[in-house]
Each structure stands twice: as C-alpha cells, then as structure tokens.
Amino acid sequence: MATNTRDVAQKAARWTQDQIDAVERAKEQQRRREQDMNQQREANSQNRQAENRR
Amino acid sequence: MLASDFSHWVETAKNVCEILAILGGAAWTYLNYFRGRIYKPRLECSVEASVEQHSGHSFLKAVVRIRNIGLSKVSIQQRGTALVIHSANKQGDPPLFPSEVRWNDPVAAFEVFSGNNGVEPSEPITESVMIALPYGNGLAYRVTLTVVSGEFWWTAATIVADT
C-alpha cells in the first residue's frame, strides 16, 4: 500500500516535471523565434537604408 | 452520604465533559488544518481570450488572473509558469461526423507574472497579454495558463477561434 502511494507520488512528480520541461522548451523556442524575427527586421531595415542611399 | 455521592457524580460528569471537549477540539483542529488544507498553497487561476482585429491584423488578447485562496503566501516559480498557445490540428477535409479536435504541440509560450515573486492570501493578480497572430490562418487556439509553485502546479485553459 505504502509502495503504491509512493509510486503514484513519484509518477505525479515525474509528470509535473515533464510538463514544466515542455513549457520551458516552448518558451525557449519562442525566445529564439522572436530573436530571429528581430534580427530579420534589423537586416531588412539596414538593406532598405542602403537601397535608399544608393 | 447523599451529598458526597452527588459531588462524586458531578465531578465525573465534569471530567467526561472535559475529555469530550478536548476530543472535539482535536477533531476540529484535524479537520480544519489537515483535511481543510487551509495552510497549503492554493491558487485559483483563470484565463480569458479573444481574437481582435486592428488595422487588418489579428491579435489574440489574453487576460490571465490568479488569486490566492489559501491562508499562506504562494511563491511563483518562473520555471514552468507561462501562457501556452496550442493551435488546432487542421485536417484537409471536414470530418464526416463530429470529432474532437486534436491540438498541435505548443506553437508559442509567453512569460507571465514575471514581476511577481509571490501572491499574498486573498490577493488577486491580473495580467493582459496581446499576441499578434500570423496572417489568415483562421485557426482555433487553445490558450492555457500554467502556474508553478514548488511541487504544486495549476492550470486554466480556454479555446478561442480566429474567424
């Protein structure tokens, strides 16, 4: 009985940890995407400025 | 003799009442503190979402709320706390009968409550997040709030469609 309770608690803790890891992965992916988008915008803006100068 | 018997019975009754009072107090304490979990961290989470159009662009507006309904301060752990967006798995043709929508892996996740270390008892905290949606995908989104505090984990979710 005690082992069962411990197993369930361990499974619940593992599940929670997996969920937290998935959320953190999604947050990291989002950060990278936003960083890429900002870099792309910066590059586009610089290209436009260079075009205008020409 | 009679007076002595009477005082003996009164004394016994008093002792019984005292024992019952102590047992009642113990039961109340047990129910209140342990079964009632009033000093365990408890949060009430909710999320409201809507899709708005501004200047031809679609935005998902989410309002996330938490309220501490326990009697002890709840710390908010940033690791795992987020507003997570899943998009509906769009199948090619419409199904022939009603079928449950499948959700893709999280398409986006945003930090929320990052300025708050903890929530005091009865304290509500509300935050709004505005998310620009990609052009013309017309999808449904599941918006999920997850809040983590140590070993505890709360979620609230809602579904919104970009029409």
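Higher on the page you've got the structure.
Fair warning: this is a prediction, and the values are worked out from it, not measured in the lab.

J.: Could you clarify how one ought to interpret the environment of Glu24(A) in this entry?
T.: Turning to its location among the elements, Glu24(A) is positioned in helix α1 (residues 2-53). The exposure class assigned to Glu24(A) is buried, which follows from its relative accessible area of 18%.

J.: Would you take a moment to explain the interface of chain A and chain B for this structure?
T.: When the parts of a complex come together, some accessible area is lost, and that lost area is often used as the size of the interface. Between chain A and chain B, the contact holds 15 residues from the first and 15 residues from the second. Summed over the three residues of chain A that lose the most area to chain B, namely Ile20(A), Val23(A) and Lys27(A), the buried surface amounts to 41% of that side. Our enumeration of links across chain A and chain B arrives at 2 salt bridges. The salt bridge involving Arg79(B) is made with Asp21(A); its shortest N-O contact spans 2.5 Å. Counting across the interface, chain A meets chain B through 5 residue pairs in polar contact (both at pLDDT 80 or more). Residues belonging to the side of chain A that touches chain B are distributed by class as follows: 4 nonpolar, 5 polar and 6 charged.

What counts and how
Residues numbered from 1 in each chain as written. Chains lettered and ligands numbered in written order. Predicted model: local features only at pLDDT ≥ 70, side-chain atom pairs only at ≥ 80, totals over all residues. Heavy atoms only, no water. Helix = DSSP H or I, 4+ residues; strand = E, 2+ residues; numbered from the N terminus. Buried < 20%, exposed > 50% of the residue type's maximum accessible area, 1.4 Å probe, protein only. Contact = heavy atoms within 4.5 Å. Buried area = accessible area lost by both parts, 1.4 Å probe. Salt bridge = Lys/Arg side-chain N within 4 Å of Asp/Glu carboxyl O. Polar contact = N/O pair within 3.5 Å; in protein donor to acceptor, adjacent residues only side chain to side chain. Nonpolar A, V, L, I, M, F, W, Y, C, P; charged D, E, K, R; others polar.

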